[in-house]
Amino acid sequence: MSLSLRLSIFYGSLCFFGGINLPFFPVWLKSKGLGPEDIALVLAATMFLRIVSGPVFAFVADRWENRRGVAIALSWASLATVSLFLLTDGFWPIFIVAALLMSLWPSVTPLLESIAMRATQEQGVDYGRVRLWCSITFIIAATGGGWLLEWNPASIVILCMIGSIAIGLAGAHLLVKERPARKRKRRPGGQLQASLAIARHPIFLVGLLTASLVQSTHAVYYAFGTLNWLRLGYGENLIGILWAVGIVAEIILFAFSARVLKRFSATSLLAIAAGAAILRWSLTAFDPPLWALFGLQILHALTFCAAHLGAMYFVAAAAPKSLAATAQSLYGALSSGVIMGLMTLIAGPIYQAYGPQAYLLSAAAGALGLAGALYVAARWNGGALVEETEDDEEDDNRDYPKPVRPGC
């Protein structure tokens, strides 16, 4: 089985969970008696925990040269944890289980992203064509979840989440086993010192913050988009279709990402995404008619996909290969943890007080992201910001089999 196919399968299996969790977990939380502020607190707290969990697991995976093994272990732990939702009731039990789950499952993503980006750089894998399968399965899950929720009680959401992580676990076992370096020099604190160096570099930090701000513009949408559409009288099936429209647009851009990346740099993509976010969320804040809403959902190709591509290629180019998973996890911690968590936490009371006008908060974050993208573009030359660690100079191709038999 080729490396591209293995990565495609795991990306696809990984995103079944997101297609259920993002649109419909807030619906289940509401069915358990949680209000908007409680929902925002649960979602934000789970994001903040990624600040620690993601980098820790990634650091271990980089140090052990076993990203696949760590991903499998996290998948098994996530399956056990999500099953606990069947036994939970009340705010604090739900809070604790959600916090544990979202410390484990999202930590798989930077491990996969680091493997995929290295395969792109060294094996010629088309990242966009591989990554789009994540979007395809997301749309299947979101559409199917909307249909199931229309005909079943909200408890069906948890069953779907359990099933989606089980699928992800199967995908993790298909990842290529990494080959450790044959001759590897060890020096005390080498990887840790390099990790701190990239984490403290001002251009790297601004680049991560920029990408994180653009992604955080989706915070109101992820937390309250479905609930807001329900308020407007749209059915669960139509809501699933609305989510799907955005993902279809995202898939199209991923499919042609190789051509896009020949025309636009990572920082240009971030700037385009930020501008699209300002437009999308400013208009969404005022309950546009359904026909306009479909058009705004198409902008998801820019606000999410263009931002994601820009972030992935920025991190891959700016960080040394020996810190691939660590650098990706730092982006994940800042993006899905600190910034998204703060935005979600702030969005709760704003949405409760002002309804859809909370989307103006997202538009403001887009404006900050645009400023950050322009700053990085003016000061980054496109290369690595810190030197490669001594640990990894001996064997640059250890993660994958020889090119004559990629992924086998």
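As the structure is a computational prediction, the values presented were derived from the model and not from experiment.

Rules and cut-offs
Residues numbered from 1 in each chain as written. Predicted model: local features only at pLDDT ≥ 70, side-chain atom pairs only at ≥ 80, totals over all residues. Heavy atoms only, no water. Helix = DSSP H or I, 4+ residues; strand = E, 2+ residues; numbered from the N terminus. Rg over C-alpha atoms; globule rule 2.2 N^0.38 Å. Buried < 20%, exposed > 50% of the residue type's maximum accessible area, 1.4 Å probe, protein only. Contact = heavy atoms within 4.5 Å. Areas by Shrake-Rupley, 256 points an atom, 1.4 Å probe, with all protein chains shown as cover. pLDDT = per-residue confidence, 0-100. Salt bridge = Lys/Arg side-chain N within 4 Å of Asp/Glu carboxyl O. Expected span 1.5 Å × (residues − 1). Core = buried A, V, L, I, M, F, W, Y, C linked by side-chain atoms within 4.5 Å. Phe/Tyr/Trp six-rings, centres within 6.5 Å; stacked < 30°, edge-to-face > 60°. Polar contact = N/O pair within 3.5 Å; in protein donor to acceptor, adjacent residues only side chain to side chain. Disulfide = S-S within 2.5 Å.

> Any details on the overall build of the chain? Residues and values, ideally.
Along the backbone of the chain there are 18 helices and zero strands. A compact globule built from 408 residues would reach a C-alpha radius of gyration of about 22 Å, and the chain, at 20 Å, matches this within 12%. Principal-axis analysis of the C-alpha atoms gives the chain an extent of 60 × 45 × 35 Å. Going through the 408 residues of the chain one by one, you find that 59% of them count as buried. Long-range contacts, defined here as pairs at least 24 residues apart, represent 87% of the contacts in the chain between residues at least 6 apart. For the chain, the accessible surface area stands at approximately 15900 Å², while carbon and sulfur atoms represent 67% of it.

> Hey, could you go over the side chain of His218 for me, with residue numbers and the actual values?
Along the polypeptide, His218 turns up in the loop between helix H10 (202-216) and helix H11 (219-231). Those residues in contact with His218 that sit more than four places away from it in its chain are Arg280, Trp281, His300, Thr303 and Phe304.

> Would you mind going over the confidence of the model for the chain in detail, with residue names and values included?
The predicted model of the chain has a mean per-residue pLDDT of 87, with 91% of residues at 70 or higher. At the level of individual helices and strands, the chain shows its lowest average pLDDT in helix H9 (residues 190-200), which scores 72, and its highest in helix H14 (residues 266-284), which scores 98. Taken as a whole, residues 182-188 scores under 50 in pLDDT and shows 18 contacts with residues more than four places along the chain or in a different chain. Contacts for the low-pLDDT stretch residues 391-408, under 50 throughout, to residues beyond four places or in other chains number 58 contacts.

> Can you explain the pattern of salt bridges? Please cite residues and give values.
Applying the stated criterion to the full structure yields three salt bridges. Ionic pairing is found between Asp89 and Lys32, a salt bridge with its closest N-O pair at 3.5 Å. Pair noted here: Asp89 is in the loop between helix H4 (67-82) and helix H5 (91-104) and Lys32 is in the loop between helix H2 (16-31) and helix H3 (36-64), with a separation of 57 residues, a long-range link. According to the relative accessible area criterion, Asp89 is exposed, its value standing at 54%.

> Could you give me a rundown of helix H6 (residues 108-123), with the residues and numbers involved?
The end-to-end C-alpha distance of H6, which contains 16 residues, comes to 22 Å, matching closely the 22 Å that a straight helix rising 1.5 Å per residue would cover. With 13 of its 16 residues buried, H6 lies for the most part within the structure. Where H6 terminates, the next one or two residues include Gly124, which has phi positive at roughly 75°.

> Summarise the nonpolar core; cite the residues concerned and give the values.
Among the nonpolar cores identified, the biggest contains 136 residues, and Leu7, Phe85 and Met161 are the most heavily contacted of them. Per-element accounting of this core gives the leading share, twelve residues, to helix H16 (residues 300-318). Sequence-distant contacts of Met161, defined by excluding residues within four places in its chain, comprise Phe17, Ile20, Asn21, Phe25, Val82, Phe85 and Leu101.

> Give a description of the packing of aromatic side chains that names residues and reports values.
A full pass over the atoms with the stated rule returns 19 aromatic pairs. Ring centres of Phe17 and Trp105 lie 6.1 Å apart, and the angle between their planes is 65°; this geometry places the pair in the edge-to-face category. Here Phe17, found in helix H2, pairs with Trp105, found in the loop between H5 and H6; they are 88 residues apart in sequence, far enough to count as distant. Phe17 gets classed as buried once you look at its relative accessible area, which sits at 3%. Its relative accessible area of 4% is what places Trp105 among the buried residues. Arranged with centres 5.0 Å apart and planes meeting at 80°, the rings of Phe91 and Trp92 form a pair that is edge-to-face. For Trp92, a relative accessible area of 56% translates into the label exposed. Chaining the aromatic ring pairs together yields one cluster made of Phe138, Tyr221, Tyr222, Trp229, Trp243, Trp281 and Tyr359.

> Give me the lowdown on the environment of Ser83, citing residues and values where you can.
Mapped onto the secondary structure, Ser83 falls in the loop between H4 and H5. Looking at Ser83, the relative accessible area reads 27%, which means it is partly exposed. Residues Ser83 and Leu101, 18 residues apart in the sequence, show an inter-C-alpha distance of 9.8 Å.

> Tell me about the side chain of Ser135, and name the residues and values.
Inspection of the secondary structure assignment puts Ser135 in helix H7 (residues 127-151). A distance of 3.4 Å separates a polar atom in the side chain of Ser135 from a polar atom in the side chain of Arg131.

> Which residues make up the state of the cysteines, and what values do they have?
Here the structure, examined in full by the defined rule, presents one disulfide. For Cys15, the disulfide goes to Cys134, at an S-S distance of 1.4 Å. On the S-S bond that ties Cys15 to Cys134, the torsion sits near -55°, and the link is left-handed. Remark: Cys134 occurs in helix H7 and Cys15 occurs in the loop between helix H1 (3-14) and H2; sequence separation between them is 119 residues. Judged by relative accessible area, which is 11%, Cys15 ranks as buried.

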